[in-house]
Amino acid sequence: MKRSSLNFLILFFLLFSISASAECGTSKNNIVFIHGIASNKGAFGYWDQYVQKFHKDECLSSHFFEYDTGNNRLSLNDFVESFDEFMHQESLSEGKIKIVAHSQGGLITLYWLKRMLDNNDSIRFRVNGLMTMATPYYGAKIANLGYSLGTFILPILGKKELKDMRIVSKQVMQTYELFNNKDFLSYLKDLNYISISA
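These figures come from a predicted structure and were not determined experimentally.

Caption draft 1: Seen up close, the sheet that holds strand β2 (residues 60-65). Taken in spatial order, the 5 strands line up as β2-β1-β3-β4-β5 in an open sheet, and their pairing is parallel. Looking at strand neighbours, the two that pair on one side only are β2 and β5 (193-196), the edges of this open sheet. When the angles between neighbouring strand axes are averaged without regard to direction, this sheet yields 15°. In this sheet, strand β3 (residues 96-102) lies alongside strand β1 (residues 29-34) in parallel orientation, the contact comprising 6 bridges. Residue pairing for β3: N29 is matched across the bridge by K96. Contacting β1, β3 and β4 (127-133), helix α4 (residues 104-118) crosses the sheet at an angle of about 140° to β3.

As structure tokens, then:
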């Protein structure tokens, strides 16, 4: 997908899911960006600037969650734990939250949302938008290859995160279960969930 088309989709998603407000307070709109494997916040280019340009009269605040992808000691669950700490920080304590996630970031977000639902965490009521892009919900062949070759061939990819994203992994089986859970699917529908495949 061309970068300009992707930027348009992001703006479209945000345009129709953010309401204007003269005063921020609890009407503040937070946009959380979460990158994929072997990446960082630079993967989102100038999206923050686009959002500010096209929504300058609204109370917007962009947040970029970065995690230690490529670390052989960390798994998807470790990243979910870090994301939970990030989402509960003071700067995200008020207002609605939209999440834009790429690749592995979509998996991290999905498992985090399930945790918030299971724990009846009040933050789940403030998340009112989710867009995932190129998220390998059912695993990735490249993860199988990378895991079997070893991270000495692909040192930017962490061994445990590759293991979690293999097509037959335990995490993938949990994803199947999530997408067959009526309560969780209903929750995603209420979030204005959009998934873009690539």
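Right, picking up where we left off after that structure.
Caption draft 2: Looking closely at the packing of α4 against helix α8 (residues 182-190). Contact geometry for α4 and α8: axes closest at 11 Å, N-to-C directions at 110°. The pairing of α4 with α8 is recorded here as roughly perpendicular in orientation. Counting all contacts with α4, which are made through L110, L113, K114 and L117, the residues of α8 involved are F184, Y187 and L188. When its residues are assigned to classes, the contact of α4 with α8 shows 6 nonpolar, no polar and 1 charged.

Caption draft 3: The arrangement of helix α3 (residues 76-87) in detail. The first and last C-alpha atoms of α3 sit 16 Å apart over 12 residues, in line with the 16 Å expected at 1.5 Å per residue. Within α3 the residues assigned to the buried category are L76, F79, V80, F83, D84, F86 and M87. Along the axis of α3, the buried positions cluster into a sector of 160°, meaning they face one direction only. Buried residues belonging to α3 abut β1, β2, β3, α4, α6 (159-165) and α7 (170-178).

Caption draft 4: The nonpolar core, seen in detail. Within the largest apolar cluster, 37 residues are counted, with the highest numbers of intra-cluster contacts made by F83, M87, I99, W112 and L113. If you list the elements that add at least two residues to this core, you get β1, α3, β3, α4, β4, α6 and α8. In this view, W112 contacts V80, F83, D84, M87, I99, I123 and V127; residues no more than four positions away in its chain are not counted. W47, V51, L60 and I196 belong to the second-largest nonpolar core, a separate cluster that totals 10 residues.

Conventions adopted
Residues numbered from 1 in each chain as written. Predicted model: local features only at pLDDT ≥ 70, side-chain atom pairs only at ≥ 80, totals over all residues. Heavy atoms only, no water. Pairing = 2+ DSSP bridges. Helix = DSSP H or I, 4+ residues; strand = E, 2+ residues; numbered from the N terminus. Axes fitted to C-alpha atoms, helices over the stretch in contact; angles between N-to-C directions. Contact = heavy atoms within 4.5 Å. Parallel < 35°, antiparallel > 145°, perpendicular 65-115°, else oblique. Nonpolar A, V, L, I, M, F, W, Y, C, P; charged D, E, K, R; others polar. Expected span 1.5 Å × (residues − 1). Buried < 20%, exposed > 50% of the residue type's maximum accessible area, 1.4 Å probe, protein only. Arc of directions from axis to C-beta. Core = buried A, V, L, I, M, F, W, Y, C linked by side-chain atoms within 4.5 Å.

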